[in-house]
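Structure assessment
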Amino acid sequence: MKIVLVGPFPPYRGGISMFNHSLADELEKEHEVHRISFSLQYPKLLFPGKTQFFGFNGKKAKNMINTVNPFSWKKTANFINLINPDLVVFQYWMPFFAPAFYSIAKEVKNGCGAQIIVNCNNIKPHEPRVMDSFLTTKFFSFCDRFIVMSETVENDLLKILPNARYQKTHHPIYDVFGKSIDKEKAKKLIGISEEKVILNFGFIRDYKGLDILIESAKYL
């Protein structure tokens, strides 16, 4: 089978990027896989961290999609149609990407007619905005099937598309971080001597409640 994966890939940071990378590696064991990523994922103004990238030496994706440049959406769709895949898989987690994904999905459906699957990491964003449901629904209207990995996302999907064709599955375990090591050895390696340690992953955003965790720590 010929498969196109659309979404972030390393060296873009983040769990979804690593998810896509691992998915591509796994699918390549039995299929022809093409990786399509972003030339611009977030404008600097909208990105909450210092850098969108990290050091990475794995297989490269084709960086084509500029989220704020519609000409790149057309170019990406034309490229996918030239590949003529059987299946296109989008990673979706934020309505900000819906206009680009909608445009690409529509052109692919009208072009090569590939089946389109959306892997729904999120459907409702953690920090919602007025047009979210409209944008997501517009993109999903050109998609054939969906994958959800939690009950919350399943419910969000069915509110938008009550008759959605979807598969609910557990989120797979990441295979990119190497073997686990002893906790005491790990603490020594990074210079932590305290007995009690809390490890926080991801960006610091209001909705994550890190301030509540810090305030609560004195009671533990």
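Residues numbered from 1 in each chain as written. Predicted model: local features only at pLDDT ≥ 70, side-chain atom pairs only at ≥ 80, totals over all residues. Heavy atoms only, no water.

Quick notes on the sheet that holds strand E3 (residues 62-66)
Read across the sheet, seven strands follow the order E3-E2-E1-E4-E5-E6-E7 without closing on themselves; strand pairing throughout is parallel. What marks the edges here is a single partner per strand, and that holds for E3 and strand E7 (166-168). Averaged over all pairs of adjacent strands, the angle between their axes in this sheet comes to 25 degrees, without regard to strand direction. Bridge count between strand E4 (residues 87-92) and strand E5 (residues 115-120): six bridges; the pairing is parallel. The residue of E5 that forms the bridge with Gln-91 is Asn-119. Sitting on the sheet, helix H3 (residues 98-110) is in contact with strand E1 (2-6), strand E2 (32-40), E3, E4 and E5, with an inclination near 170 degrees to E4. In this fold helix H5 (residues 151-160) packs onto E5, strand E6 (145-148) and E7, with an angle of close to 165 degrees to the strand it touches most, E7. (Pairing = 2+ DSSP bridges. Helix = DSSP H or I, 4+ residues; strand = E, 2+ residues; numbered from the N terminus. Axes fitted to C-alpha atoms, helices over the stretch in contact; angles between N-to-C directions. Contact = heavy atoms within 4.5 Å.)

Observations regarding the packing of aromatic side chains
Scanning all chains against the criterion turns up 17 aromatic pairs. The interplanar angle of 85 degrees and the centroid separation of 6.3 Å between the aromatic rings of Tyr-12 and Phe-38 together place this pair among those described as edge-to-face. You can see Tyr-12 sitting in the loop between E1 and helix H1 (15-27) and its partner Phe-38 sitting in strand E2, a full 26 residues away along the chain. For the pair Tyr-12 and Phe-38, one class covers both residues: buried. Through a chain of ring-to-ring contacts, three or more aromatic side chains come together here, namely Tyr-12, Phe-38, Tyr-42, Phe-90, Tyr-92, Trp-93, Phe-96, Phe-97, Phe-101, Phe-139, Phe-140 and Phe-146. (Phe/Tyr/Trp six-rings, centres within 6.5 Å; stacked < 30°, edge-to-face > 60°. Buried < 20%, exposed > 50% of the residue type's maximum accessible area, 1.4 Å probe, protein only.)

Comments concerning the pattern of salt bridges
Side chains bearing opposite charge may pair, as long as their charged atoms lie close to each other. With the rule as written, the count across this model stands at 10 salt bridges. Between Lys-74 and Glu-107 there is a salt bridge, with the nearest N and O atoms lying 3.3 Å from each other. Residue Lys-74 is located in helix H2 (residues 70-83), and its partner Glu-107 is located in helix H3; the two are separated by 33 residues in the primary sequence. We classify Lys-74 as partly exposed; its relative accessible area is 39%. Its relative accessible area of 27% is what places Glu-107 among the partly exposed residues. Its salt-bridge partner being Lys-187, residue Glu-184 comes within 3.9 Å of it at the nearest N-O pair. With Glu-184 and Lys-187 both in helix H6 (residues 183-189) and three residues apart, the pair spans about one turn of that helix. Overall, the relative accessible area of 49% leaves Glu-184 in the partly exposed class. Each of Asp-25, Glu-28, Arg-35 and Lys-59 takes part in one network of salt bridges that share partners. (Salt bridge = Lys/Arg side-chain N within 4 Å of Asp/Glu carboxyl O.)

Focus on unusual backbone geometry
Cis geometry marks the peptide bond from Pro-10 to Pro-11; its omega dihedral reads 15 degrees. Its place among the elements puts Pro-11 in the loop between E1 and H1. Positive phi outside glycine occurs at Asn-84, with the angle close to 55 degrees. Locating Asn-84 in the fold gives a position in the loop between H2 and E4.

Observations regarding the nonpolar core
Burial of nonpolar side chains together is a common tendency in soluble globular proteins. One finds Ile-65, Val-88, Phe-90, Phe-101, Phe-139 and Phe-140 to be the most contacted residues of the largest nonpolar core, which totals 38 residues. At seven residues, H3 tops the list of elements feeding residues into this core. With near-sequence residues (within four places) excluded, Phe-90 lies in contact with Val-6, Phe-101, Ile-104, Ala-105, Ile-116, Ile-117, Val-118, Asn-119 and Phe-139. Of all hydrophobic cores here, the second largest spans nine residues; its members include Ile-3, Val-33, Val-89 and Ile-117. (Core = buried A, V, L, I, M, F, W, Y, C linked by side-chain atoms within 4.5 Å.)

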